[in-house]
Amino acid sequence: MNEMYDMSIVTHNYGVMSVLGVILINIFMLLGIKNLAKYTRAMSLFTPIVGTTIGMVVFTGVVMMAAKHLDFTVQNIAMIIFAVILIYLEVKRSKGLQNLNKKDENAIKKYRAYALKIFLLEIFVTLSISFWMWH
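These notes cover the structure that comes with them. Here the structure is a predicted model, which means the values were calculated and not measured. (Residues numbered from 1 in each chain as written. Predicted model: local features only at pLDDT ≥ 70, side-chain atom pairs only at ≥ 80, totals over all residues. Heavy atoms only, no water.)

Attention shifts here to empty space enclosed by the protein. Applying the stated criterion to the full structure yields 1 cavity of 30 Å³ or more. The calculated volume of the largest cavity comes to roughly 40 Å³. Taken together, Val19, Val22, Ile23, Val50, Thr53, Ile54, Leu86, Glu90 and Glu122 make up the lining of the largest cavity. Those elements that place two or more of their residues in the lining of the largest cavity are helix H1 (2–32), helix H2 (36–67) and helix H3 (74–98). (1 Å grid on protein atoms, 1.4 Å probe; cavity = no way out; pocket = protein on both sides within 12 Å on 5 of 7 lines; lining within 4 Å. Points joined across faces, edges and corners; volume = space filled by probe spheres on them. Helix = DSSP H or I, 4+ residues; strand = E, 2+ residues; numbered from the N terminus.)

Moving on: the layout of surface pockets. Here the largest pocket defines a volume of roughly 630 Å³. Taken together, 29 residues line the largest pocket, and the ones lying closest to its centre are His12, Val57, Gly61, Met64 and Met79. Elements represented by at least two residues in the lining of the largest pocket include exactly H1, H2, H3 and helix H4 (107–134). When residues in the lining of the largest pocket are grouped by element, the largest group, 8 residues, is from H3. Along the lines of polarity and charge, the residues of the lining of the largest pocket split into 20 nonpolar, 8 polar and 1 charged. (Nonpolar A, V, L, I, M, F, W, Y, C, P; charged D, E, K, R; others polar.)

A few words now on the environment of Ile23. When you line up the elements, Ile23 lands in helix H1. On a C-alpha basis, the gap between Ile23 and Phe72 in space is 28 Å, while along the polypeptide they are 49 residues apart. For Ile23, the residues in contact, after removing those within four places along its chain, are Phe119, Glu122, Ile123 and Thr126. (Contact = heavy atoms within 4.5 Å.)

Should their charged atoms come close, side chains of opposite charge can pair. Summed over the entire model, instances satisfying the criterion amount to 2 salt bridges. The partner of Arg93 in a salt bridge is Glu90, and the shortest N-O contact between them spans 2.7 Å. Of the two residues, Arg93 and Glu90 both sit in helix H3, 3 residues apart, roughly one turn of that helix. Residue Arg93 is classed as buried on the basis of its relative accessible area, which comes to 1%. Glu90 sits in the buried class, given a relative accessible area of 8%. With its nearest N and O atoms 3.3 Å apart, the salt bridge here joins Asp104 to Lys110. (Salt bridge = Lys/Arg side-chain N within 4 Å of Asp/Glu carboxyl O. Buried < 20%, exposed > 50% of the residue type's maximum accessible area, 1.4 Å probe, protein only.)

Take Leu86: it is sitting in helix H3. In this structure the C-alpha to C-alpha distance between Leu86 and Gly55, which are 31 residues apart in sequence, comes to 11 Å. Excluding anything up to four places from it in sequence, Leu86 contacts Val19, Ile54, Glu122, Val125 and Thr126.

There is a patch of nonpolar side chains on the surface, built from Leu70, Phe72, Ile77, Ile80, Ile81, Val84 and Ile85 and spanning about 630 Å² of accessible area. Here Ile80 is to be found in helix H3. (Patch = residues over 30% accessible without salt bridge, like charges linked within 9 Å, V, L, I, M, F, W, Y side chains within 5 Å. Areas by Shrake-Rupley, 256 points an atom, 1.4 Å probe, with all protein chains shown as cover.)

For H3, with 25 residues, the first-to-last C-alpha span of 36 Å sits near the 36 Å given by 1.5 Å per residue. All of the buried residues along H3 are Asn76, Ala78, Ala83, Leu86, Leu89, Glu90, Arg93 and Leu97. Looking at the buried residues of H3, the elements they touch are H1, H2 and H4. (Expected span 1.5 Å × (residues − 1).)

Structure below.
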């Protein structure tokens, strides 16, 4: 049981680093692509990767909780809340992209400012829970 728990901790940490990496890639894509159609296409291909990385963190967290006999500590509850916040922010960002007026030439500029705020908030959420857990 300890081996499974230790492996889950390592995998969980790599998952959190993957989430940060995916957010940074999203930011670079957001700032690099000037055409809304190209950005929408790139996001339709990249969004499942974001969901998979968040899912990996949630899954390894569940495995660790199972190894600890479903012990709901303050840290576990906080991580669940932070995971829900990340999922909510991603859904909100995705819906914002879907609801853009494709004919508006300034739509990408407006969305860029909106999405950048969400990405920065996601980085803050991820780093804050990470620093709390690692210290």
